Amino acid sequence: MSHKYTHLSFEQRVKIQLPKDKGTPVVQIAKEVGCSRQTIYIYNELKRNASPTYAKYTATQAQKRAEERKKVPRKKLKIENHPEMEKTIIQLLTRYRWSPEIIAKELEKKNKKQVVFAECIYQYIYRKKKTGVDYTDYLLFTGRS
């Protein structure tokens, strides 16, 4: 049986902090919050989001740490590992306003060994937007009414 992981909300973190300060067992806190004990303890909520300096858990700092971690990509995309490919994609997107689909096909023609899919280019564009570099203006959207 698989469970879908969802991030804890700030309200859930507050429900963790108050009983934790009183020494309430993790199992009881988990029931109050409505999640498994692994989510709170073993799955790192207390370990990952407690203050590294003071080893104290506060909901506000936990929320802040979680939001900061969301901004950092977990794994580099293929495009980011190949600077020349990245440069070419950005050039075709910004200068010629080619769609990711056309760029992917063109790159496939030129280099059969390094195939990049349109979806990967879209992921790259939206990941860059999170870091403050916005290429979404170069995407041509055809809106339907």
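Reading the values: rules and limits
- Residues numbered from 1 in each chain as written.
- Predicted model: local features only at pLDDT ≥ 70, side-chain atom pairs only at ≥ 80, totals over all residues.
- Heavy atoms only, no water.
- Helix = DSSP H or I, 4+ residues; strand = E, 2+ residues; numbered from the N terminus.
- Buried < 20%, exposed > 50% of the residue type's maximum accessible area, 1.4 Å probe, protein only.
- Lys, Arg positive; Asp, Glu negative; His and termini not counted.
- Salt bridge = Lys/Arg side-chain N within 4 Å of Asp/Glu carboxyl O.
- Contact = heavy atoms within 4.5 Å.
- Axes fitted to C-alpha atoms, helices over the stretch in contact; angles between N-to-C directions.
- Parallel < 35°, antiparallel > 145°, perpendicular 65-115°, else oblique.
- Left-handed = near helix turned anticlockwise from the far one by under 90°.
- Core = buried A, V, L, I, M, F, W, Y, C linked by side-chain atoms within 4.5 Å.

Student: Tell me about the side chain of Lys 128, residues and numbers included.
Tutor: Looking at the secondary structure, you find Lys 128 in helix H8 (residues 118-130). Notably, Lys 128 is buried but unbridged: the nearest opposite-charge side chain belongs to Glu 86, and the N-O separation is 4.0 Å. Discounting residues that sit within four places of it in the chain, Lys 128 has contacts with Glu 86, Val 133 and Tyr 135.

Student: Break down the pattern of salt bridges for me, citing the residues and quoting the values.
Tutor: Per the stated rule, a full pass over the model turns up four salt bridges. Taking the shortest distance from any N to any O, the salt bridge between Glu 45 and Arg 13 comes out at 2.8 Å. Taken together, the positions of Glu 45 in helix H4 (residues 45-49) and Arg 13 in helix H1 (residues 10-22) put the pair 32 residues apart, joining distant regions of the chain. You can call Glu 45 buried: its relative accessible area is 5%.

Student: Explain the packing of helix H7 (residues 100-110) against H8 residue by residue, including any values.
Tutor: Direction vectors running N to C along H7 and H8 enclose 125°, while the axes themselves pass 8 Å from each other. If you check the angle between H7 and H8, you find them oblique. Of the two possible hands of crossing, H7 and H8 adopt the one that is right-handed. Contacts between H7 and H8 involve Pro 100, Glu 101, Ile 103 and Ala 104 from the first element and Ala 118, Ile 121, Tyr 122 and Ile 125 from the second.

Student: How would you sum up the nonpolar core? Please name residues and give values.
Tutor: If you look at the biggest cluster of nonpolar residues, it comprises 17 residues, and the most contacted ones within it are Ile 79, Ile 89, Ile 103, Val 116, Ile 121 and Ile 125. Residue assignment for this core shows that the elements contributing at least two residues are helix H6 (83-94), H7 and H8. Considering each element in turn, this core owes the most residues, five residues, to H8. Ignoring any residue separated from it by four or fewer positions in sequence, one finds Ile 89 in contact with Ile 79, Ile 103, Leu 107 and Ile 121.

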